[in-house]
Amino acid sequence: MHRALLIGIVLALLAAAAVAALYQRDLSRAVAGLEGRSQRVDTGFGPIEYATAGEGAPALVIHGSGGGFGQGLLMAEPLGALGYRLIAPSRFGYLGTPARADMTIEMQADAHAALMDRLGIDRAVIVGGSAGALSALQLAIRHPERCEALVLLVPASYSPERRPHESGARSVWAERFMMAALRADFLFWAAIHALPGTMTRLILATEPDLIDAAVPQEKARAWQILDDVFPVSRRAGGLLFDSRTAGDPPPMELDRIRCPVLAVSAEDDLYGTAASARYIAANVPDGELLIYPTGGHLLVGHGDEIWRKAASFIESAREGRRPRRRGES
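Q: Is there a simple way to think about the packing of aromatic side chains in this case?
A: The description of two aromatic rings rests on the distance between their centres and on the angle between their planes. The tally for this structure, following the rule as stated, stands at 5 aromatic pairs. With 5.5 Å between their ring centres and 85 degrees between their planes, Tyr158 and Tyr279 make a pair best called edge-to-face. Of this pair, Tyr158 sits in the loop between β6 (147–153) and α6 (172–181) while Tyr279 sits in helix α12 (residues 273–283), placing them 121 residues apart in sequence. The class for Tyr158 is partly exposed, based on a relative accessible area of 26%.

Rendered as structure tokens:
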């Protein structure tokens, strides 16, 4: 019996050592993958990290919760391929842009404008995804002269019909587990490897079956978005801020937005952003709505069509060919 116990202990220690080695390998790779891909500029709001890709008319791409500059570039990569220069900042509390004790959605919008100033950009197309839609909307409200068109993908913004802190968590315990995983690098890493379906639902707000049935390119995109949240310790300040603001977003003065707005979502987005997209399109002076019956928060299976329609929408806005209208596309 003592020998069996000893063997069990040795095997457990070896397993723990193997897990620790794999964790350290993936952590080193994740950190190395951030190096040399971005720049920082000083502004009145502190240093702001950003990365660029592509050539052409500027498009400021504002990432969602758990992201950073890399998520922004990935999100709008098809737009870059269509002839736009993508500028993807890391929001407050993400990667190389420090969190601020006094940060607000409005301050983040002003920081976006300050980045544009530093880069010599007078006007740009604005793309906001998920929690990034909040500061994208405020940028259009507070700095209307800077925005040529606004594209909002699964906007985690206010709607009277959207429940506060709506998510894919099916229980209080699942919600607590998600918040714990978003505070600890090792727990998050272990969860995405041991419970990929659960993390897809909790973090990406998309049913795992949708991703399982998707084409290989879409599967790779989903896993890259999830992998890019790691290490969460470099995103902790932004994640905590997003949990408060995007979880229970405030109403905004949408009638002050002067540029055309395209709001895109899916009915089965577990964060409930279809209600937000409808509310935005109905309450801005020039809104267009694109809602899919399925696709989840990642809009699985619709990327090519969304960006074709978005590119057409943007070109019409930039050339002044869009009629003033409301409602669904």
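Continuing now.
Q: Could you clarify how one ought to interpret the environment of Arg235 in this entry?
A: Tracing the backbone through its elements, the reader meets Arg235 in the loop between α10 (216–227) and α11 (236–245). Taking the relative accessible area as the measure of exposure, Arg235 reaches 3% and is therefore buried. The spatial distance from the C-alpha of Arg235 to the C-alpha of Tyr94 is 4.4 Å, given a sequence separation of 141 residues. Discounting chain neighbours no more than four positions away, the residues touching Arg235 are Leu34, Gly66, Gly67, Gly93, Tyr94, Leu95, Asp228, Val229 and Phe230.

Q: I'm lost on α10 in this one. Help?
A: Structurally, the α-helix is built with 3.6 residues per turn, so residues lying three or four positions apart point the same way. Between its first and last C-alpha atoms α10 spans 16 Å; for 12 residues at 1.5 Å apiece the expected length is 16 Å, and the two agree. Looking at α10, one finds that the buried residues are Glu218, Ala222, Ile225 and Leu226. Buried residues of α10, viewed axially, fall in a sector of 100 degrees; they line one side. The outward face of α10, more than 90 degrees from its buried face, is lined by the exposed residues Pro216 and Gln217.

Q: I tried to follow the side chain of Glu148 on my own but got confused; where do I start?
A: Topologically, Glu148 is positioned in strand β6. By relative accessible area, Glu148 is classed as buried at 15%. Within polar-contact distance, the side chain of Glu148 engages the side chain of Arg318 at 3.1 Å. Aside from chain neighbours lying at most four places away, what touches Glu148 is Arg123, Ala124, Val125, Cys259, Pro260, Ala317 and Arg318.

Q: Where do I start with the pairing of strand β5 (residues 124–129) in this structure?
A: One face of the sheet, then the other: side chains in a regular strand alternate in exactly this way. With 6 of 6 residues buried, β5 is to be regarded as a mostly interior element. Relative to β6, β5 runs parallel, the two being bridged by 6 bridges. From the neighbouring strand, Ala124 faces β6, where its bridge partner is Cys147. After leaving β5, the chain enters helix α5 (residues 132–142) and then returns to the sheet as β6, a path that is right-handed.

Q: How should helix α7 (residues 185–194) be read in this particular structure?
A: The complete set of buried residues in α7 reads Asp185, Phe188, Trp189, Ala191 and Ile192. Projected onto a plane normal to the axis of α7, the buried residues spread over an arc of 165 degrees and lie on a single side.

Q: Teacher, can you tell me more about the state of the cysteines here?
A: In protein chemistry, a disulfide is the covalent bond that joins the sulfur atoms of two cysteines. Applying the stated criterion across every chain yields a total of 0 disulfides. No disulfide involves Cys147; its sulfur sits 5.2 Å from that of Cys259, the nearest cysteine. Taking relative accessible area as the criterion, Cys147 reaches 3% and is therefore assigned buried.

What counts and what doesn't
Residues numbered from 1 in each chain as written. Predicted model: local features only at pLDDT ≥ 70, side-chain atom pairs only at ≥ 80, totals over all residues. Heavy atoms only, no water. Phe/Tyr/Trp six-rings, centres within 6.5 Å; stacked < 30°, edge-to-face > 60°. Helix = DSSP H or I, 4+ residues; strand = E, 2+ residues; numbered from the N terminus. Buried < 20%, exposed > 50% of the residue type's maximum accessible area, 1.4 Å probe, protein only. Contact = heavy atoms within 4.5 Å. Expected span 1.5 Å × (residues − 1). Arc of directions from axis to C-beta. Polar contact = N/O pair within 3.5 Å; in protein donor to acceptor, adjacent residues only side chain to side chain. Pairing = 2+ DSSP bridges. Right-handed = clockwise from strand over helix to strand, strands pointing away. Disulfide = S-S within 2.5 Å.

Read these as geometric descriptors, not functional statements.
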